[in-house]
Every structure is written in C-alpha cells, then in structure tokens.
Amino acid sequence: ADYVWPGEHDHMEDLYMLQSGFSRFGFIDGILTCGFNQGVPGRQNAAEWIRTAYHDMATYDTDTGLGGIDASIMFETNREENKGTAFDNTFGHLASFYSVKSGGADLLALAVVGSMAACNGYEIPLRVGRVDATEAGQAGVPEPQQDLATHTEKFKKQGFNQTEMIELVACGHTLGGVHGANFPEITHDNTTGQVSHFEYGDSNAEFDNTVVTEYLSGNTSNLLVAGTNDTLNSDKRIFSADGNATMEKLADTKYFQTRCQDVMTKMIDTVPKDIVLSEPLKAIEVKPYINLLALNSNSTIDFSGYVRVRYGKGAVHPSADDLSAFLTYKDRSGKNVTEPITTTRPNWQSGTATGFGGGYSFVFFEWTTQIDADAGISGFHIHLTTTSTGTTEVYDNVGNTYPVKDTVLYQMKQSCSLYVLNSTTNAYDGQMTITAAVRSDSVADLNMHFASKVARPGVILGRFETQVEPFVATGKSMAGYDLYKVDGMPINSDSGSTSFDISLGDEMAVEFVRTTALTGQECAEL
Ligand code: HEM
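Residues numbered from 1 in each chain as written. Predicted model: local features only at pLDDT ≥ 70, side-chain atom pairs only at ≥ 80, totals over all residues. Heavy atoms only, no water.

## Points about the site of the ligand
Stated precisely, the cut-off is as follows: Throughout this document, a residue counts as near a molecule or strand when at least one of its heavy atoms sits within 4 Å of that molecule or strand. For this analysis, a polar contact is any N or O atom pair within 3.5 Å, provided that within protein one partner can donate a hydrogen and the other can accept it, and provided that sequence-adjacent residues contribute only side-chain to side-chain pairs. A run of H or I in DSSP counts as a helix once it spans at least four residues, and a run of E counts as a strand once it spans at least two, with each numbered from the N terminus. The nonpolar class holds Ala, Val, Leu, Ile, Met, Phe, Trp, Tyr, Cys and Pro. Asp, Glu, Lys and Arg form the charged class, and all remaining residues, Gly among them, are polar.
The local shell around the ligand holds 26 residues, among which His173, Gly176, Gly177, His179 and Asn182 are the closest. Taking Asn182, its side chain carries an N or O atom lying 2.8 Å from an oxygen atom of the ligand. Put simply, the parts of the chain that give the shell around the ligand at least two residues each are helix H2 (45-57), helix H5 (148-158), helix H6 (162-172), strand E2 (177-179), helix H9 (234-239) and helix H11 (253-268). Partitioning the shell around the ligand into residue classes produces 15 nonpolar, eight polar and three charged.

Okay, here's the thing in structure tokens:
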C-alpha cells in the first residue's frame with residue numbers, strides 16, 4: 001500500500017534513513033566505519049552489534065515460538081554463554097535512540113542493517129514491530145566447547161538447517177574476532193584490548209568471504225578453526241559439517257553476499273510467534289515534518305516544518321537542485337486558502353541528508369509561516385516543481401491531504417524542563433512544565449500522557465511507563481484558544497528518550513513529542 005502520512009513507523013524510518021547531513025538522527029555514529037571502535041582497544045562496534053543480535057536470537061525455540069529478537073539479551077548478560085561487555089556496549093549505543101516508537105529489539109535489528117551497510121555487505125531489509133521482552137528468556141546460546149551435534153540441534157531450534165548454520169556462522173565471523181579478555185583459553189593472551197581476528201589483515205573490518213577462503217586454503221587466523229585446543233574449534237566442526245560443500249560455494253564472493261543477505265535477514269526477523277513484523281521499510285519519497293504549530297504573541301498560529309524529498313539513485317526525483325516546493329492548505333472548515341506557503345532550501349548541509357553508505361539521499365525544504373487563528377488549518381498539499389521544466393506535481397497524501405489538527409496546540413516555547421543536581425542521590429532531579437492551547441469551543445478533559453522511563457538495575461534500557469497528568473486551565477485565553485498547563489511535573493535525568501502525547505477527551509490530539517528538546521529551556525511568556 002502507498003505510504004500515508006503520518007505513518008506508524010515514521011520515527012523508525014527517520015532513524016534508518018537520516019544518518020548524515022541536515023536533520024540527521026545519527027544512528028551511524030557508532031559505526032562510522034566498519035572497524036570503528038570509539039577509542040576502546042580491541043572493540044569493533046559493527047562486530048559487537050551483530051554478535052549481540054545473534055545472541056539475542058540464538059535462544060529462539062521453534063517449538064514454543066518464544067525468544068528470537070526481543071532484546072531479552074539485556075537481562076542475560078551475566079550468563080556464561082554471554083561473555084564480555086559487547087552486549088551492554090551495544091545497548092549503550094541504542095539507548096540514545098530508544099523511545100516508545102523505537103524499542104530495543106527494533107533498534108537491534110537496525111544495528112544489524114547498519115553494520116552490514118557500514119561493512120559493505122549487501123543491503124538487508126528492515127522490518128519493524130518487534131516488542132521488547134520484560135525479563136530474561138531461555139538460555140542456550142551456542143558455546144565453542146560444545147560438539148557438532150549440540151550445535152546442529154541448537155541451530156535447528158533457532159529455525160536454521162545445517163546449510164544455514166554454516167552460512168550464518170561464516171557470515172557472522174567475517175567481522176571481529178576472539179578477545180583475550182573473554183576467551184583467554186582460546187587466544188592465550190589476556191592483555192587489555194587483545195583480539196585475534198577471524199581473518200588476516202584488515203579483512204575483519206570488511207563484510208567479505210575471507211573467513212571462508214582462508215579456511216579452505218588451510219591457512220586461517222580464525223582461532224575457532226585453528227586454535228590449539230581442538231575442543232574449542234567450533235567453527236572448524238561447523239564449517240566442515242557437510243564435507244565443505246557449503247564453504248566451497250561460499251568461496252564465490254557474490255554467492256557469499258547473497259547468502260549472508262538472506263540468513264542475516266532471517267536472523268533479525270526471527271521474533272516471538274505473536275509478533276507481526278511490518279513490510280520492509282522503504283525510503284519515503286515525500287515526507288513532511290511539522291516542527292511548530294503554536295499560538296504566538298501576535299494571536300496568530302506559528303506553523304513551520306520541512307518537506308523531505310528523496311532524490312538521486314532509485315528515487316522518483318533525480319536531482320535535488322532541480323526541485324522547489326510550496327504548500328497549499330485548507331482552513332479549519334476545509335476551505336482552500338489561496339495564499340500558498342513558500343519553502344526555502346536550508347543552507348545548513350545544503351539542506352541534504354543521506355542514509356547508510358550514502359545509499360539514500362534526501363533534500364529538505366523548510367517553511368515558516370503564520371496562520372490566522374480564527375481560520376485555522378486542517379491540512380495541506382505539497383507541490384513539487386521541477387525547475388528546469390516548470391512542471392509542478394501535487395502530493396495529496398494519497399487523496400487524504402496531509403492532516404493538521406489545530407484543536408489542541410502544543411505550546412513548545414511556553415514549555416520547559418529544568419534539572420537541579422540532588423546532592424543526596426547525585427542524580428539530576430527535573431521539573432517539566434508543558435503548556436497547551438485548546439480551542440475555546442472544544443472543551444473536554446485535557447490530559448498529558450507522559451512515557452516516563454523507569455530505570456531497571458543492571459539493565460541498560462529503562463522501562464517505559466505511561467503517566468497520565470491532567471492539564472489545568474491557566475485562566476488565560478487568546479485568539480479563540482484557552483491556555484492550559486501541566487506544571488512542575490517531576491522527571492528524572494534519564495529523560496533523553498521520553499516523550500508525551502496530549503489527549504482531548506477520547507482523542508489523541510498531539511502525539512510523540514520528544515522531551516529532549518525542552519531540556520534547559522526556560523518557559524517563555526506568551
Ligand atoms: C556455534 C555458534 C557460534 C559460536 C560457538 C560462536 C563463538 C564465538 C566466540 C567464542 C566469539 C569471540 C567473542 C569474544 O571474544 O568477544 C565470537 C565472536 C563473534 N561472533 Fe560468534 N559464534 C557462533 C555463531 C555466531 C553467529 C551465528 C554470528 C552472527 C551471525 C556470530 C557473530 C560473531 C561476531 C560478529 C563476533 C565478533 C565479535 C567482536 O569482535 O566483538 N557468531 N563468536
């Protein structure tokens with residue numbers, strides 16, 4: 001089906017698509033290159049993220065349909081089968097992107113998609129809709145000292161046959177290596193940062209089949225093949241399980257890449273049986289963002305945002321420089337307003353952004369305008385002009401117009417959150433104030449639904465808990481709106497990923513406002 005805005009997965013699509021440039025989300029920052037290590041010796045984030053995803057998936061049980069990619073690994077880091085700091089380190093990165101619209105398990109899948117891209121593997125699709133576990137799951141991640149029969153059985157339980165087992169291990173072990181800190185009995189060296197890569201040279205930082213060709217040549221740096229203690233040579237047993245038939249096929253570069261694309265996709269899409277994953281997220285061709293819709297002191301409504309247009313390879317529009325955009329809109333009653341809203345392309349980063357590996361390109365057009373508060377706004381159309389030909393196409397959100405709800409306005413500038421260091425707990429205690437304006441003719445209960453984050457000891461990601469707070473009338477009215485506040489609401493310093501919605505009566509009027517933007521901001525007067 002064609003994309004209709006706003007979409008359920010808009011935020012995940014942003015995290016996926018906007019890596020660099022204007023309005024970037026920057027998920028890529030942990031994997032700027034495949035070998036990137038953020039200055040920690042022996043660490044390779046792309047390798048750690050893929051290993052974390054595998055360990056999370058590895059306890060899937062085809063019989064019960066439980067386990068799979070559900071972020072339960074967060075609760076399982078003390079197990080012998082999950083040695084090392086990779087798991088906490090991975091979730092430490094994911095924590096910056098964690099929200100009610102981007103849970104740990106979907107972010108872990110994105111981490112694999114991004115790592116494959118950063119390491120020049122084939123592109124794998126990102127489906128979303130995973131649900132995070134709230135406690136540890138079954139144990140059972142394969143360990144090197146176990147025999148082939150045990151491993152074959154474990155992979156079967158995960159849903160992978162013998163061939164897929166060989167492929168998935170070869171695809172995983174093209175990155176990173178064995179660390180002395182975790183497996184000194186394998187590397188025989190436990191100096192800080194020691195790592196014995198699975199492949200010679202710099203190949204550990206490239207999603208290539210060197211792990212396969214080295215194995216077949218009998219000269220490999222993979223210590224799970226050529227380690228001194230044969231009991232721990234699990235890759236050797238797995239790779240040779242079918243008399244090298246699969247490994248010989250994987251020696252073909254293209255075959256290796258397509259098989260890895262397949263089994264890595266299968267790995268991240270192995271989820272508990274009740275979960276229904278979305279279709280693969282596609283780069284949305286034309287997507288608007290409303291940044292501000294709020295009353296101002298001139299008694300008009302500030303309305304600003306961006307139109308994001310995909311361009312370049314694979315996109316509908318070949319060139320960013322051959323485009324311009326404007327909006328037309330309908331007032332509250334649904335009547336067309338004749339004066340269009342113009343946009344400009346931002347100077348910052350030339351108003352362009354890219355996805356992983358530069359594979360997707362976008363150009364932004366920014367608008368800022370004021371709307372008559374009496375007439376209001378109910379929706380808009382996006383007009384894209386190809387400058388060279390002068391032709392204009394109208395985007396109407398698949399016949400729905402891009403909807404704008406102006407009954408409740410979130411007064412961003414009149415909202416704020418301030419933190420004070422609590423000397424007893426050594427944490428920052430915060431207080432948040434949220435202001436909203438409601439059309440005077442639309443009286444109903446106004447509530448804030450705050451997705452607060454509750455810390456869980458020993459677990460990197462907190463748990464979201466929705467707290468409902470009633471707004472209180474301030475007694476102030478202007479331009480046909482009454483002003484309301486939630487005042488002095490206590491919040492903790494871990495609010496980076498928190499957000500809130502505002503409901504009027506039974507209807508969600510304002511959705512997914514991130515609180516981060518409010519941090520340190522004073523509440524302005526209106
Ligand atoms: C029988 C199955 C497997 C066994 C016994 C096994 C064992 C190991 C061991 C002992 C390490 C070293 C960890 C460390 O020292 O930090 C390792 C690393 C790694 N494994 Fe596996 N593995 C298996 C399957 C897989 C699979 C299926 C994948 C992914 C598709 C995978 C991905 C990785 C990655 C990326 C690393 C490197 C981590 C880093 O450098 O930080 N492994 N594996």
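## Some details on the coordination of the iron atom of the ligand
The condition is simple: In this analysis a donor is any N, O or S atom within 2.8 Å of a metal ion (3.2 Å for sodium, potassium and calcium), and since water is not included, sites may seem incomplete.
Among all protein atoms, only His173 (NE2) binds the iron atom of the ligand, sitting 2.1 Å from it. Residue position: His173 is located in the loop between H6 and E2.

## Comments concerning the sheet that holds strand E9 (residues 361-372)
In plain terms, the rule: Two strands pair if DSSP finds at least two bridges between them. The contact criterion used throughout is that any non-hydrogen atoms of two residues lie within 4.5 Å. Only the stretch in contact is used when fitting a helix axis, every axis being a line fitted to C-alpha atoms; angles between N-to-C directions are given from 0 to 180 degrees.
Read from one edge of the open sheet, five strands run E1-E8-E9-E5-E4, paired in antiparallel fashion. Looking at the sheet topology across the chains shown, the edges are occupied by strand E1 (20-21) and strand E4 (286-295). In this structure, E1 lies alongside strand E8 (residues 352-354), joined through two bridges in antiparallel fashion. By the bridge assignment, Ser20 is partnered in E8 with Thr354. Running over the sheet, helix H1 (residues 10-17) touches E4, strand E5 (300-311), E8 and E9 and is turned about 115 degrees from E4.

## Overview of H5
Using the following cut-off: Each residue's exposure class comes from its accessible area (1.4 Å probe, protein chains only) as a fraction of the maximum for that residue type: buried when under 20%, exposed when over 50%, partly exposed otherwise. Of all possible arcs, the one meant is that of the directions from the helix axis to the C-beta atoms.
Those residues of H5 that sit buried are His151, Lys154, Phe155 and Gln158. The arc that holds the buried residues of H5, viewed along the axis, is 95 degrees, so those residues lie on one side. Exposed and facing more than 90 degrees away from the buried side of H5 are Ala149 and Lys156. Of the surrounding secondary structure, the elements contacted by the buried residues of H5 are H2, H6 and H9. Among the residues trailing H5, Gly159 stands out with phi positive, at a value near 100 degrees.

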